[in-house]
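# Working through the structure, step by step
In case you want the letters, here they are:
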Amino acid sequence: MPVDGISGTTGTTGAGMSGDLVDISFRVALLQVQTLDQEIGLRLTEMEQLNELREAYTDRIGELRELIGGLRDGRGWVDAATAQRLDFAWDGTSGGPRADADGMLCSGSFQVVDADGSVVTRWEAHALASDRADMLTPVGPEAGEDATGGPAESGRSGSPATFRGYEEAQAVAEACGGKVQIQVLQSDVEREIERLQDQVDNLGADGELGMLGLNRLLSRRTQVLQLTSNIMSSTHQTAMAMIANLKV
């Protein structure tokens, strides 16, 4: 008896399918499994990235809550780097979340703390940036100070220097090896926490949609694998029947 069906040329399976059709169906099923595996891998990577972004936002919220805990009477001076508005995006180069600063989370005044941790006075700021005297506020002297904000004959130390903007404060900070601080209000920080929490919620919704899509892909893969298994079983049964006939 002919055994062409075993090689998939001209024979038929027990289900009445030609060998060629069996081979084609099997190859198509394998190709679908490979394609689905790629899509599943991409979806898993996307979900992993979403989870890491959510963790980055959640950690930032925790930092801001700690910041609130250090405020007195609903306000206080904090490092400008801590008071930045941050958003996070996936960085394919580093393989992790990237923090992008978008200005300050509040519009308070700036001051500079030198390397010793002391607040730079108006007199010191004028000395450090004499060519930018207009950057300090208030401009006029206070009681016990001379025209530059330095100590008068009474011996009083100059009052802390405040700045109109971050760039001006940063110029003085670089000159003295210090850092810039900004005065924040608790209400501003709380609004920023709410904004970040919205981002966390949005990422959570995206994650749920991604999980639904992943489940659909996994279900489709199971169906294709079952079809492949049925084809292999049918081919095996046909081959065994043909072998049995040869023995007769």
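Here, the structure is the one placed above.
The shown structure was predicted, so the numbers you read here are calculated from the model rather than taken from an experiment.

## A closer look at the overall build of the chain
Across its full length, the chain carries five helices and seven strands. Seen in sequence order, the chain has helices and strands lined up from the N terminus as α-α-β-β-β-β-α-β-β-α-β-α. Within the chain, the fraction of its 248 residues that count as buried is 33%. Put simply, of all contacts in the chain between residues at least 6 apart along the chain, 70% involve residues at least 24 apart. Approximately 14700 Å² of the chain is accessible, and the part contributed by carbon and sulfur atoms is 52%.

## Considering helix α4 (residues 166-176)
Among all positions of α4, only Ala169, Val172 and Ala173 are buried. End-on view of α4: buried residues confined to an arc of 105 degrees, all on one side of the axis. With respect to the buried face of α4, the exposed residues turned more than 90 degrees away are Glu167 and Glu174. Contacts from the buried residues of α4 go to β4 (110-113), α3 (122-128), β6 (162-163) and β7 (179-185). One or two steps after α4, the chain reaches Gly177, where phi turns positive at roughly 70 degrees.

## Overview of unusual backbone geometry
The backbone phi angle of Asp73 is positive, close to 55 degrees, even though this residue is not glycine. Within the fold, Asp73 resides in the loop between α2 (19-69) and β1 (75-79). The class for Asp73 is exposed, based on a relative accessible area of 82%.

## Topic: the pattern of salt bridges
Using the criterion set out here, one finds nine salt bridges in the structure. The partner of Glu192 in a salt bridge is Arg85, with the nearest N and O atoms 3.4 Å apart. On the criterion of sequence distance, the pair formed by Glu192 in helix α5 (residues 186-247) and Arg85 in strand β2 (residues 84-91) is long-range, its members being 107 residues apart. Two residues, Arg195 and Glu192, come together in a salt bridge whose shortest N-O distance is 2.8 Å. Linking Arg195 with Glu192, this pair stays in helix α5, spanning three residues, or about one helical turn. For the pair formed by Arg195 and Glu192, the shared burial category is buried.

So, how was this worked out
Sequence order as written defines the numbering, with residues in each chain counted from 1. The predicted origin of the model limits local features to residues at a pLDDT of at least 70 and limits the giving and counting of side-chain atom pairs to 80 or more, whereas totals for whole chains, interfaces and linings rest on all residues. Calculated side-chain values reflect all of the structure's heavy atoms, with hydrogen atoms and water omitted. Each helix is a run of DSSP H or I of at least 4 residues and each strand a run of E of at least 2, with the numbering of both proceeding from the N terminus. Accessible area is worked out with a 1.4 Å probe on protein chains only. A residue is then buried under 20% of its type maximum, exposed over 50%, and partly exposed in between. By definition, residues are in contact when any of their heavy atoms lie within 4.5 Å. Surface accessibility in these figures is a Shrake-Rupley result with a 1.4 Å probe; residues are shielded only by whichever protein chains are displayed. Taking the helix axis as origin, the arc is that swept by the directions to the C-beta atoms. We define a salt bridge as a side-chain nitrogen of Lys or Arg found within 4 Å of a carboxyl oxygen belonging to Asp or Glu.

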